[in-house]
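Next come the chains, spelled out residue by residue.
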Amino acid sequence: MSREHNLDTSNWKRLEEGTVKINVDVAVSKELNVVGTDVIATGADGVILGVSIKTHVGISSSRIVEALTVQGGLYMGLALNLFKVIVEYDAEAIVTSCVATKTLAKDIAVLVHDCQAFKGLFLACDFYFVKCEYNQAAHVSARKVLSGGSSELWTTTLPTWDSIISDV
C-alpha cells in the first residue's frame, strides 16, 4: 500500500558539501515492553551512508531511549569518520537538552552530557528539532524494528527510499 506524501518543502535547504544529516527516531510498543530505534546518516548528495537499527527491551522511560538514540547517532557519525553533522529529531525536549549549556532533565543528564561531549569531537555539530513528518525514513524504520525481532543492525547497504516508505 502506497500513500502520497505532501510535505511543505519551502524551508528545505541542500546540505553544505561535506555535511551529513543524521536522522534519529524511536518507536515504542508498551504491550511488548520493546522500543525500536533507528539512526540514518545521509550525505549532502542524498546518498544514505549508514543505518543503525536496534531493539531495546525493558526500558520504561521513553526519554532515556530517545537520548540513547541521539547518542547512537553521534556515535555513528564518529564511527563513519564524519567531520560535520546535523542531527535531526522530532523529540523537542531531547534536542533542547542537547543544545543547552546545562542539562534540563535529571533522568537523562548523563546521556545528554555524553552527547554534548561527542559534539565537541566534530568540526561542526548541530541539533535540530523537526516535525515527525519530516523524519519519516527514521520513523518508519524504527516502527519496523518492533515487528522484526532483530536486536541490532548496522549497515551501509540499504534498500531504496521507496521500499522504506512503501507500507507507511
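It should be emphasised that the depicted structure is a prediction, and the values quoted were computed from it without experimental measurement. (Residues numbered from 1 in each chain as written. Predicted model: local features only at pLDDT ≥ 70, side-chain atom pairs only at ≥ 80, totals over all residues. Heavy atoms only, no water.)

A.B. asks: Pulling in residues and values, what's your account of the environment of C98?
C.D. replies: Residue placement: C98 occurs in helix 2 (residues 92-99). With 28 residues separating them along the chain, C98 and D126 place their C-alpha atoms 9.2 Å apart. If near-sequence neighbours (up to four positions away) are discounted, C98 is found in contact with V70, V112, C115, Q116 and F127. (Helix = DSSP H or I, 4+ residues; strand = E, 2+ residues; numbered from the N terminus. Contact = heavy atoms within 4.5 Å.)

A.B. asks: Which residues make up the confidence of the model for the chain, and what values go with them?
C.D. replies: Overall, the prediction assigns the chain a mean pLDDT of 76, with 68% of residues at 70 or greater. Across residues 1-8, confidence stays below pLDDT 50; counting only partners more than four residues off in sequence or on other chains, it has nine contacts. A low-confidence stretch, residues 157-168 stays under pLDDT 50, and its non-local contacts, those more than four residues away or across chains, total 19 contacts. (pLDDT = per-residue confidence, 0-100.)

A.B. asks: Go over helix 2 with me, naming the residues and quoting the values.
C.D. replies: Those residues of helix 2 that fall on the buried side of the exposure criterion are I94, V95, S97 and C98. Taken around the axis of helix 2, the buried residues stretch over an arc of 160 degrees, which confines them to a single face. Along its buried surface, helix 2 packs onto helix 1 (62-79), strand 4 (84-89), helix 3 (109-119) and strand 5 (124-129). (Buried < 20%, exposed > 50% of the residue type's maximum accessible area, 1.4 Å probe, protein only. Arc of directions from axis to C-beta.)

A.B. asks: Which residues make up the nonpolar core, and what values go with them?
C.D. replies: A general trend in soluble globular proteins is that nonpolar side chains are found buried together. Counting residues in hydrophobic clusters, the biggest one holds 28 residues, and the most contacted among them are I22, V70, L74, V85, Y89, I94 and F127. Listing elements by their share of this core, those giving two or more residues are strand 1 (19-29), strand 2 (34-43), helix 1, strand 4, helix 2, helix 3 and strand 5. Of the residues forming this core, the biggest block, five residues, is contributed by helix 1. Not counting chain neighbours up to four residues away, the residues in contact with V85 comprise V20, I22, F122, A124, C125 and D126. (Core = buried A, V, L, I, M, F, W, Y, C linked by side-chain atoms within 4.5 Å.)

A.B. asks: Could you give me a rundown of helix 1, with the residues and numbers involved?
C.D. replies: Along its 18 residues, helix 1 runs 25 Å from first to last C-alpha, staying within 8% of the 26 Å computed at 1.5 Å per residue. Taken together, the buried positions of helix 1 are occupied by V65, E66, A67, T69, V70, Q71, G73, L74, M76 and G77. The positive-phi residue at the C-terminal boundary of helix 1 is N81, with phi of around 60 degrees. (Expected span 1.5 Å × (residues − 1).)

A.B. asks: Pulling in residues and values, what's your account of unusual backbone geometry?
C.D. replies: Unusually for a residue other than glycine, N81 sits at a positive phi of about 60 degrees. Within the fold, N81 resides in the loop between helix 1 and strand 4. Given the relative accessible area of 59%, N81 is considered exposed.

A.B. asks: Describe the packing of helix 1 against helix 3, with residues and values.
C.D. replies: Axis separation between helix 1 and helix 3 bottoms out at 9 Å; the angle between their running directions is 20 degrees. One way to sum up the angle between helix 1 and helix 3 is to call them roughly parallel. Where helix 1 crosses over helix 3, the two elements pack in a sense that is left-handed. For the pair helix 1 and helix 3, the contacting residues are I64, A67, L68, V70, Q71, L74, Y75 and L78 in the first and L111, D114, C115 and F118 in the second. Here the residues of the contact of helix 1 with helix 3 sort into ten nonpolar, one polar and one charged. (Axes fitted to C-alpha atoms, helices over the stretch in contact; angles between N-to-C directions. Parallel < 35°, antiparallel > 145°, perpendicular 65-115°, else oblique. Left-handed = near helix turned anticlockwise from the far one by under 90°. Nonpolar A, V, L, I, M, F, W, Y, C, P; charged D, E, K, R; others polar.)

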